[in-house]
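# Observations on the three-dimensional arrangement
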Amino acid sequence: MSNAANVVYLNGQYLPVEEATVSVMDRGFLFGDGVYEVVPVFGNKLLRLEEHLTRLQNSLNRISLPNPYSHDEWLGIFSNLLEKNTGEDRAIYLQISRGVYAKRDLSIKAGYPPTVFAMVLQVEPPDLEVVSAGISVITVDDFRWGACDIKSTSLVANVMLRQQATEANVDDAILVKNGMLSEGTASNVFLVKNNVLITPPTGHKLLPGITRDLVIEIAKNNAILVEEREIREAELFSADEIWMTSSTREIAPVISLNDEIVATGVAGEMWKRVMGLYQQYK
Ligand code: PDD
């Protein structure tokens, strides 16, 4: 158990990952019937913990699954896991599925305990030089469902969309629904145009990213104009900068879009500024 990130939490127990097992009748396994969260941890500080727990509650409410733990019980699990798994830059992954029923049946029934799982992920600390080299992306058709604001473990659509990017030999995909930008396969998207930061509004088409919120807050606190509005796909191609944000990726500048160089092909001035402010905030 000396190995970092090897002790996980499962239904009240702390176990080496190899010993943590779940029934094949678990609804998370059969249906992807569950929700999850990823909370970044720097040193021992859980970044934006309250916001993550609030989003978890929203996801649970949307799928009619009661929260198995109080705020303090969650905190206790996280701090135990962080104590048992050493490391600097980490993240807590947690997921709650609707548990194990005797029969494979879509209907929800009361009285079954959920399956609660949590583990520590090791995150590569961002090397600013490497991150500023940027990522390449393609645009793909966002064929997902109308409940993308739920952080659901049903991620096969995201897997398929990411695979389109992999097959095109790029890092990720920007998803476009009916000509309008939604998000990345596991991140939110920002454009910079004429020194204004622009991102699609929250709603059912995208996950309300905690990093997205933090970037908006940091920008506003530093007198950078922010617009939350629908973005046409065409606007991507005339953007000064494009970023993708998430808890594990932080703020990644996009330097290539559909095989075309974005603006000057290097991470932009606004990215440098906001990324610097983000690192200070952490
Ligand atoms: N994903 N949109 C989607 C579809 C995501 O999966 C994520 C994060 C985000 C960004 O959210 P946040 O800033 O709160 O991390 C947006 C996590 C990191 C994951 O699935 O691993």
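Residues numbered from 1 in each chain as written. Predicted model: local features only at pLDDT ≥ 70, side-chain atom pairs only at ≥ 80, totals over all residues. Heavy atoms only, no water.

## Remarks on helix α3 (residues 71-84)
For α3, with 14 residues, the first-to-last C-alpha span of 20 Å sits near the 20 Å given by 1.5 Å per residue. Buried within α3 we find W74, I77, F78, L81 and L82. In a view along the axis of α3, the buried residues occupy a sector of 130°, so they form one face of it. Exposed side chains of α3 directed beyond 90 degrees from the buried face belong to D72 and E83. (Helix = DSSP H or I, 4+ residues; strand = E, 2+ residues; numbered from the N terminus. Expected span 1.5 Å × (residues − 1). Buried < 20%, exposed > 50% of the residue type's maximum accessible area, 1.4 Å probe, protein only. Arc of directions from axis to C-beta.)

## Concerning the site of the ligand
Taken together, 18 residues sit near the ligand, with Y36, R55, E183, T211 and S247 positioned nearest. The separation between an oxygen atom of the ligand and a polar side-chain atom of R55 is 2.8 Å. The separation between a nitrogen atom of the ligand and a polar side-chain atom of K151 is 3.2 Å. Protein chains shield 89% of the accessible area of the ligand, which is 480 Å² for the free molecule. (Near = heavy atom within 4 Å. Polar contact = N/O pair within 3.5 Å; in protein donor to acceptor, adjacent residues only side chain to side chain. Areas by Shrake-Rupley, 256 points an atom, 1.4 Å probe, with all protein chains shown as cover.)

## A look at empty space enclosed by the protein
The tally for this structure, following the rule as stated, stands at three cavities of 30 Å³ or more. Surrounding the largest cavity, D240, E241, I242, W243, P253, V254, V262, A263, V266, A267 and G268 form its lining. Every element with two or more residues in the lining of the largest cavity is listed here: β13 (241-246) and β14 (250-257). Class assignment for the residues of the lining of the largest cavity results in eight nonpolar, one polar and two charged. The volume enclosed by the second largest cavity comes to roughly 40 Å³. For the second largest cavity, the full set of lining residues is P40, V41, F42, D89, R90, A91, V123, P126, S247, T248 and E250. (1 Å grid on protein atoms, 1.4 Å probe; cavity = no way out; pocket = protein on both sides within 12 Å on 5 of 7 lines; lining within 4 Å. Points joined across faces, edges and corners; volume = space filled by probe spheres on them. Nonpolar A, V, L, I, M, F, W, Y, C, P; charged D, E, K, R; others polar.)

## Here's the deal with the packing of aromatic side chains
If you walk through the whole model with that rule in mind, you get eight aromatic pairs. Consider the rings of Y9 and Y14, whose centres lie 5.3 Å apart with planes at 65°: the pair is edge-to-face. Judged by relative accessible area, Y9 falls into the buried class, the value being 4%. Classification of Y14 as partly exposed rests on a relative accessible area of 26%. Grouped by ring-pair contacts, the aromatic residues Y9, Y14, Y69, W74 and F78 constitute a single cluster. (Phe/Tyr/Trp six-rings, centres within 6.5 Å; stacked < 30°, edge-to-face > 60°.)

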